[in-house]
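Chain residues, written in single-letter form:
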Amino acid sequence: MKGITRKEEITITAAKLFKEKGYSAVTMRDLATAMGIKAASLYNHINSKEAILNTIIISLAEAFTNGMKQITTSNDSCLDQLKKIIELHVHISSKNSNGMAALNNDWMHLETQLIYYQKLRSDYENDFKIILEKGIKAGEIINVKPDVMMFSILTTLRSLYIWIPKKEDINLQELTDNLSNILINGIANKS
């Protein structure tokens, strides 16, 4: 892999293995074999399998949190903020589907960073809920329980990492627009 450090290459390879086998099933020997090196050589670049998982999950969680902060501090309408959240998920998921698998499926294996991750996730969801509540109050969004709306939208967005890699000729802007239309406007023909 050109232009990346050995540590980054290890992290990318580990994320792929975690997605394929699950974090618990992957050993350092598996990772070394996938890298074409001896297991002992891995320790020149990383401390542990958990350190790799921390790097993968925390970097993605921070990217989502930072993206959400930019969205919530904008003067955009609630609907436009929701569209930007969808765009954020499409962008991050398309760039790192393997890491997104770890974020969604293996976060509970974080030990030293678990509380920090849970705070990032909670803050993100609280900001999302506030946007929905403001949208309801402003009459931009129908008056349905914000928790249910958030769960419905995030369930779709959090599973993009499964779907995106299966599409060879995916247009990310078109995907963002279609998801925004479906998740925000619904599927009912209103004409």
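The preceding data block contains the structure.
Figured I'd write up the structure that's included with this text. Source: prediction; values computed, not measured.

**Structural notes on the packing of aromatic side chains**
1) Next: The final tally for this structure, using the stated rule, is three aromatic pairs.
2) Next: Where Phe64 meets Tyr124, the ring centres are 6.0 Å apart and the plane angle is 75 degrees; that geometry is what we call edge-to-face. Residue Phe64 is found in helix H4 (residues 49–72), and its partner Tyr124 is found in helix H7 (residues 114–137); the two are separated by 60 residues along the sequence.
3) Next: Judged by relative accessible area, Phe64 falls into the buried class, the value being 6%.

**Remarks on the nonpolar core**
In summary, soluble globular proteins display a tendency toward joint burial of nonpolar side chains.
1) Next: Membership of the largest hydrophobic core comes to 54 residues, with the highest contact counts inside it found for Ile85, Phe128 and Leu157.
2) Next: Ranked by residues supplied to this core, first place goes to H4 with ten residues.
3) Next: Those residues in contact with Phe128 that sit more than four places away from it in its chain are Met68, Leu82, Ile85, Met150, Ile153 and Leu154.

**So, the environment of Asn98**
1) Next: On the secondary structure map, Asn98 appears in helix H6 (residues 97–105).
2) Next: Given the relative accessible area of 22%, Asn98 is considered partly exposed.
3) Next: Note: C-alpha distance between Asn98 and Ala14 (84 residues apart in sequence) is 8.9 Å.
4) Next: Leaving out residues up to four positions away in the same chain, Asn98 has contacts with Ala15, Lys16 and Lys19.

**Topic: a nonpolar patch on the surface**
1) Next: A cluster of nonpolar side chains, Ile142, Val144 and Val148, forms an exposed patch at the surface whose accessible area comes to about 260 Å².
2) Next: The topology assignment puts Ile142 in the loop between H7 and helix H8 (146–158).
3) Next: When its relative accessible area of 61% is taken as the criterion, Ile142 is described as exposed.

**Here's the deal with the side chain of Thr11**
1) Next: Of note, Thr11 is situated in helix H1 (residues 6–21).
2) Next: Among the polar contacts listed, one links the side chain of Thr11 to the backbone oxygen of Lys7, at a separation of 3.0 Å.
3) Next: Residues within four places of Thr11 in sequence aside, it is in contact with Ile52, Thr55 and Ile56.

**Description of the packing of H7 against H8**
1) Next: Contact geometry for H7 and H8: axes closest at 10 Å, N-to-C directions at 125 degrees. On the basis of the axis angle, H7 is oblique to H8. With respect to the hand of their crossing, H7 and H8 are arranged in right-handed fashion. In this structure, H7 contributes Arg121, Tyr124, Glu125, Phe128, Lys129, Leu132, Glu133 and Ile136 to the contact, and H8 contributes Pro146, Asp147, Met149, Met150, Ile153, Leu154 and Arg158.
2) Next: Among the residues making up the contact of H7 with H8, the classes are represented as nine nonpolar, no polar and six charged.

**Brief notes about the side chain of Asp127**
1) Next: Following the sequence through the fold, Asp127 ends up in helix H7.
2) Next: A polar side-chain atom of Asp127 sits 2.9 Å from a polar atom in the side chain of Lys69.
3) Next: Setting aside chain neighbours within four positions, we find Asp127 in contact with Met68, Lys69 and Thr72.

**Considerations on the environment of Arg29**
1) Next: Along the chain, Arg29 falls in helix H2 (residues 28–35).
2) Next: Note on Arg29: relative accessible area 63%, which makes it exposed.
3) Next: Along the chain, Arg29 and Leu42 lie 13 residues apart, while their C-alpha atoms are 9.3 Å from each other.

**Points about the packing of H4 against helix H5 (residues 78–95)**
1) Next: Where H4 contacts H5, the axes come no closer than 10 Å and their chain directions differ by 155 degrees. Relative to H5, H4 is oriented roughly antiparallel. Crossing hand, H4 versus H5: right-handed. Contacts between H4 and H5 pair Leu60, Ala63, Phe64, Gly67, Met68, Ile71 and Thr72 from the former with Gln81, Lys84, Ile85, Leu88, His89 and Ile92 from the latter.
2) Next: For the contact of H4 with H5, a count of residues per class yields eight nonpolar, four polar and one charged.

The rules behind the values
Residues numbered from 1 in each chain as written. Predicted model: local features only at pLDDT ≥ 70, side-chain atom pairs only at ≥ 80, totals over all residues. Heavy atoms only, no water. Phe/Tyr/Trp six-rings, centres within 6.5 Å; stacked < 30°, edge-to-face > 60°. Helix = DSSP H or I, 4+ residues; strand = E, 2+ residues; numbered from the N terminus. Buried < 20%, exposed > 50% of the residue type's maximum accessible area, 1.4 Å probe, protein only. Core = buried A, V, L, I, M, F, W, Y, C linked by side-chain atoms within 4.5 Å. Contact = heavy atoms within 4.5 Å. Patch = residues over 30% accessible without salt bridge, like charges linked within 9 Å, V, L, I, M, F, W, Y side chains within 5 Å. Areas by Shrake-Rupley, 256 points an atom, 1.4 Å probe, with all protein chains shown as cover. Salt bridge = Lys/Arg side-chain N within 4 Å of Asp/Glu carboxyl O. Polar contact = N/O pair within 3.5 Å; in protein donor to acceptor, adjacent residues only side chain to side chain. Axes fitted to C-alpha atoms, helices over the stretch in contact; angles between N-to-C directions. Parallel < 35°, antiparallel > 145°, perpendicular 65-115°, else oblique. Left-handed = near helix turned anticlockwise from the far one by under 90°. Nonpolar A, V, L, I, M, F, W, Y, C, P; charged D, E, K, R; others polar.

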